[in-house]
Amino acid sequence: MIEFQQVSKRYDSDHTALRHVSFGLGRGELAFLTGHSGAGKSTLLKLILLMERPSAGKVVVGGQLLNTMPRRQIPYVRRHIGAVFQNHQLLFDRTVFDNVAMPLEVMGVSHQDIGRRVRAALDKVGLLSKEKMNPVQLSGGEQQRVGIARAVVNKPPVLLADEPTGNLDPELSADIMHLFEQFSQVGVTVLIATHDIALIESMGRRRLTLAHGELLTTPPAGRVVA
Amino acid sequence: MSGRQHRQQSDRPGRGAGQSRPSLGALLASYRAHHLKVARDSARRLLRTPVASAMTWAVMGIALALPMGLLLLLTSLQGVSAGWESAARVTVYLADSVSGDEAARLQATLRERPDVADVALIHRDEALAEFRASSGLADALDYLDDNPLPHTLLVTPVDEARTAMGVDRLSGDLGGYEEVARVQVDMGWLQRLAAMTDLIARAVWVLTGLLAAAVILVIGNTIRLAIENRRDEILVAKLVGGTDAFVRRPFLYTGIWYGLGGGVVAVVILQLSVWWLNGPVRDLAMLYNSNFELHGLPADGMLGLLLVAVSLGWLGAWLAVRRHLDAIEPGEIAGS
């Protein structure tokens, strides 16, 4: 679903964010992306979301080569990728329902379908009863779950998360991770960037570790679990 | 939620967004519904800050009303000169020595000319009586031994000759008769008026252009602020796959509403000014024996003004959106 081939990203200065990064994630695979701050985690996610273009190498998502994707095609690629951020990126001038509805609105989904699908997504994250509230009224964990509902409401085949549990206590973090696992079980490819080593180890999933822009040899996922 | 339930409920997500392509008709319907919603939302946003919106409308209204008002004045003036030109008459003063009979003969001769429609003879006695009655100099006239006024012929050219050139030629010919002392055509001030309206017209068009540019800049700046205020929303919309057109739409509608509001203000200003000025203008015109009148905007003029205002609003918004919206990229969401 996601494939990086010898991907490098240099910014204008001589700062190199990624060096020769290669990996592949299949359908329904869930993997963690780790590394210290500035190791290139965000850059990697940005390349998948077409917020940045690689300086060298190939980025392929859903069978499409993103390197040469024309600018006006970008929105259509993003519609197939759900994204969750540490600071949620919710809009506080509208209800929870309207926040979650945004990906469907940009796709031109009809009014009735929006209602049905938004409620299904909110139901999945356990927030159906709060659809009419403003996100400001919700707790941090609830806000994060609204962000997740928005990321999955249009059923994208790929789900990215950047420090999704950054501000949450361990119990809430585990809840969130459980949600991500459920999505991967139904075929969604999930990539989660996180610092939370304890959480990663408890989950025993594949781990991509970046250091100074280079991908370290992937430690076997089974090591901890076994 | 049990795993089983979950599996049943969302068996489809892996297939992605391509799974259910809506029909073209449904897409069009939802496209139209979206336009309506965006138009309504933009209007509501403007009404939520009534003072700020009203100020923008007022600025636009004034900037549009000023050149339109001048254009109205101009068309009214052009109406005047056109009216006078068609009424052009040539006054022919005969020499003192010409007798009444000779004057009548000349009148008959001139009537035969193809470019003359009618010739009226004002006998010198008649002229004196009229002068005595209208000038208030009756006593002074009594001191004169004889009538100082000559016989006068009023020559009305035929329609085809009522142009500046035709009248010129006619008055030249008339000056050639030996009975004629002086030919007077009151065209001089008409030509001056025509030259003046021409000049004013150009000045008005320059002013119109400048004010239209000002309107575009005002709208552009207002929209720029609106874009800044809604930065987060733009970022999220782009992130979840909103196209440029989708993201621009609310701002273009905002520009259209600003334009429409400004146009309405301009129409109100114009109609009120014309109504308020017309009384005194008519009185003044009466003193000059003219039926000059300021005309308000006709219905199609109003419609045109509103259309122009809406286009300017849209254009201003479009420029601002081009310049500022495309620069907002969701890359900044993700941090570094």
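Refer to the structure printed above.
Remember, predicted model here, so these are calculated numbers, not experimental data.

## Topic: the packing of helix α3 (residues 96-107) of chain A against helix α4 (residues 111-124) of chain A
How two helices pack is summed up by the angle between their axes together with the distance between the axes. Residue and element names in this part refer to chain A. It is at 9 Å that the axes of α3 and α4 come closest, and there the two elements cross at 120 degrees. It follows that α3 is oblique to α4 by the angle criterion. Pair α3 / α4 crosses with right-handed handedness. Note on element contacts: α4 touches α3 through Ile114, Gly115, Arg117, Val118, Arg119, Ala121 and Leu122, opposite Val96, Phe97, Val100, Ala101, Leu104 and Glu105. Across the contact of α3 with α4, the residue classes break down as 9 nonpolar, 1 polar and 3 charged.

## Focus: the sheet that holds strand β2 (residues 16-25) of chain A
Across the sheet, which stays open at both edges, the 4 strands sit in the order β2-β1-β4-β5 (chain A) with antiparallel pairing between neighbours. Every other strand in the sheet has two partners, leaving β2 and β5 (64-65) of chain A as the edge strands with one partner each.

## Observations regarding the nonpolar core
In terms of nonpolar packing, the biggest core is built from 48 residues, with Ile223, Ile227, Leu305 and Leu325 of chain B touching the most fellow members. By residue number, the principal contributor to this core is helix α10 (residues 244-287) of chain B, which donates 11 residues. Those residues in contact with Leu305 of chain B that lie beyond four places of it in its chain are Leu64, Met68, Gly263, Ala266, Val267, Leu270 and Leu297 of chain B. With 38 residues, the next largest nonpolar core counts Leu104, Val125, Leu168 and Phe180 of chain A among its residues.

## Considering a nonpolar patch on the surface
Residue and element names in this part refer to chain B. Judged by side-chain polarity, Leu260, Val264, Val268, Leu272, Trp275, Trp276 and Leu277 come together as a nonpolar surface patch covering roughly 750 Å² of accessible area. Inspection of the secondary structure assignment puts Leu260 in helix α10. Judged by its relative accessible area of 30%, Leu260 falls in the partly exposed class.

## A look at the environment of Gly126 of chain A
Within the fold, Gly126 of chain A resides in the loop between α4 and α5 (140-152). Note: C-alpha distance between Gly126 of chain A and Glu142 of chain A (16 residues apart in sequence) is 9.0 Å.

Conventions and cut-offs
- Residues numbered from 1 in each chain as written.
- Chains lettered and ligands numbered in written order.
- Predicted model: local features only at pLDDT ≥ 70, side-chain atom pairs only at ≥ 80, totals over all residues.
- Heavy atoms only, no water.
- Axes fitted to C-alpha atoms, helices over the stretch in contact; angles between N-to-C directions.
- Helix = DSSP H or I, 4+ residues; strand = E, 2+ residues; numbered from the N terminus.
- Parallel < 35°, antiparallel > 145°, perpendicular 65-115°, else oblique.
- Left-handed = near helix turned anticlockwise from the far one by under 90°.
- Contact = heavy atoms within 4.5 Å.
- Nonpolar A, V, L, I, M, F, W, Y, C, P; charged D, E, K, R; others polar.
- Pairing = 2+ DSSP bridges.
- Core = buried A, V, L, I, M, F, W, Y, C linked by side-chain atoms within 4.5 Å.
- Buried < 20%, exposed > 50% of the residue type's maximum accessible area, 1.4 Å probe, protein only.
- Patch = residues over 30% accessible without salt bridge, like charges linked within 9 Å, V, L, I, M, F, W, Y side chains within 5 Å.
- Areas by Shrake-Rupley, 256 points an atom, 1.4 Å probe, with all protein chains shown as cover.
- Salt bridge = Lys/Arg side-chain N within 4 Å of Asp/Glu carboxyl O.

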